[in-house]
Amino acid sequence: MAKKNLVSLVVPVHNEMNAIDLFIEKLHAVIAVLKQKYRFELVFVNDGSTDATERLIMGYARKLPWISLINLSRNFGKEAALSAGIKHAKGDAVIPMDVDLQDPPEVIEQMLIHWQSGAKIVNACRASRDQDSRLKRISAAAFYKIFNLLADRPIPSGVGDFRLLDREVVNAILTIGERSRFNKGLFSWVGFETVEISYERPARSSGETHWSYWKLWKLACDGIFASTTMPLRIWTYIGLIMTLVSIMYSGFLFFRTLIFGVDVPGYTSTVILILIFGGMNMFALGIIGEYVGRIYIEVRKRPLYIVRSVYQHSETET
Ligand code: UDP
Ligand code: MG
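Quick caveat, the model's predicted, so the values are computed rather than measured. (Residues numbered from 1 in each chain as written. Chains lettered and ligands numbered in written order. Predicted model: local features only at pLDDT ≥ 70, side-chain atom pairs only at ≥ 80, totals over all residues. Heavy atoms only, no water.)

Where do I start with the overall build of the protein in this structure?
Helix and strand content of the protein: 10 helices and eight strands. Taken against the 2.2 N^0.38 rule, which gives 20 Å for 318 residues, the C-alpha radius of gyration of the protein at 25 Å runs more than 25% over that of a compact globule. Taken along the three principal axes of its C-alpha coordinates, the protein extends 95 × 40 × 40 Å. As displayed, the protein offers around 17,500 Å² of accessible surface, 62% of which is attributable to carbon and sulfur atoms. Side-chain charges in the protein split into 37 positive and 31 negative, and the spacing between the mean points of these groups amounts to 3 Å. (Helix = DSSP H or I, 4+ residues; strand = E, 2+ residues; numbered from the N terminus. Rg over C-alpha atoms; globule rule 2.2 N^0.38 Å. Areas by Shrake-Rupley, 256 points an atom, 1.4 Å probe, with all protein chains shown as cover. Lys, Arg positive; Asp, Glu negative; His and termini not counted. Charge placed at Lys NZ, Arg CZ, Asp CG, Glu CD.)

Listed below in structure tokens is the structure:
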């Protein structure tokens, strides 16, 4: 009999000691059924947890050979942690998941069915955002709108990191050397045959989200600046239009002064123009700064994350 396909579940964790037991329990139930057809490995990436997360996972990893643990040297953020996990995963298919059961393990079965029928990527799209606050829903919708307007490769709204990636796709992703990682953008950038399934996203099993609005804003900026140079190029057009308008207005002022003489009042319009142009200049400089900063990060070529230790059994078995 041919060897069963190996499926890697990659789970970044940061201070999640209360979520782990339940996650493994649920996963066990799902995997018990799928075990006949597939082998599984569970790769936890401990993203600099300061609570008992590491100890807890180690307890499981010692008992269950299919669980492995990668410890990062500090908190590098979810995107970096996920990249670490994807790199270490050995599966023929890789599925990134959250530990808080917001990515329900039951969906895995469906993903695998689509994978078996040839899909290289199976996106899990959340059917609704009922669990989210109004502000989060509106800001998420705005982000996807703006992102997809600007970026060359659109990303499907409602699809997080929870998806199945075939080995071919994973290998393609691993060739991407960039440091400011926006995984969602990369997953869709690589292409390949993609299928979408939908699921109901439940509330967090325990604890609180790590994403404050400020962090989400930064992630959104990272996503946009990493995926498109449109914000840079747009200034060429704005500048061009402004120059044309200015030339016409200057001509108008010149002839008006010639014909009607010097007109002293005009403080308001002068100040308004200075303020508008000053503001726009600063804004444009800021955007250039965003890119220069990212170029700096790229050329420094620091590693994306640092692995402190890896714990895994030599032979991955279910
Ligand atoms: N996470 C991580 N590093 C961080 C923040 C979060 O590895 O710096 C993990 C976290 O433990 C969880 C997943 O990323 O497994 C998703 O985090 P969270 O549930 O807070 O995000 P949300 O579901 O609210 O988008
Ligand atoms: Mg979550």
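What exactly am I supposed to notice about the coordination of the magnesium ion (ligand 2) here?
Between any two of four tetrahedral donors, the ideal angle at the metal is 109.5 degrees; between two of six octahedral donors, it is 90 or 180 degrees. The protein atoms donating to the magnesium ion (ligand 2) are Asp100 (OD) and Gln102 (OE1), with metal-donor distances spanning 1.9 to 2.0 Å. Classification of aspartate 100 by relative accessible area gives buried; the value is 3%. (Donors = N, O, S within 2.8 Å, 3.2 Å for Na, K, Ca; no water. Buried < 20%, exposed > 50% of the residue type's maximum accessible area, 1.4 Å probe, protein only.)

Please explain helix 2 (residues 53–63) as it appears in this structure.
Given 3.6 residues to a turn, an α-helix orients residues that are three or four positions apart in the same direction. For helix 2, the set of buried residues is Thr53, Ile57, Met58, Tyr60 and Ala61. The buried residues of helix 2 all sit within an arc of 165° when viewed along its axis, so they share a single face. The outward face of helix 2, more than 90 degrees from its buried face, is lined by the exposed residues Arg55, Arg62 and Lys63. On its buried side, helix 2 packs onto strand 1 (5–13), helix 1 (17–34), strand 2 (38–46), strand 3 (67–72) and strand 8 (307–311). (Arc of directions from axis to C-beta. Contact = heavy atoms within 4.5 Å.)

Is there a simple way to explain the pairing of strand 2 in this structure?
Every regular strand shows the same layout, with side chains that alternate between the two sheet faces. Taken across its nine residues, strand 2 has nine buried, putting it largely inside the fold. A two-sided burial pattern is seen for strand 2, the buried positions comprising Tyr38, Phe40, Leu42, Phe44 and Asn46 on one face and Arg39, Glu41, Val43 and Val45 on the other. By the bridge criterion, nine bridges tie strand 1 to strand 2 in an arrangement that is parallel. Within strand 2, the position partnered with asparagine 5 by the bridge is tyrosine 38. Taking the sense of rotation as the criterion, the β-α-β connection linking strand 1, helix 1 and strand 2 turns out right-handed. Note: strand 2 against strand 3, five bridges, orientation parallel. Bridge pairing in strand 3 places leucine 42 opposite isoleucine 67. For the handedness criterion, the β-α-β arrangement of strand 2, helix 2 and strand 3 is classed as right-handed. (Pairing = 2+ DSSP bridges. Right-handed = clockwise from strand over helix to strand, strands pointing away.)

What is the right way to look at the environment of leucine 42 in this model?
Looking at the element boundaries, leucine 42 is found in strand 2. Judged by its relative accessible area of 0%, leucine 42 is buried. Sequence spacing of leucine 42 and isoleucine 241 is 199 residues, and the spatial spacing of their C-alpha atoms is 55 Å.

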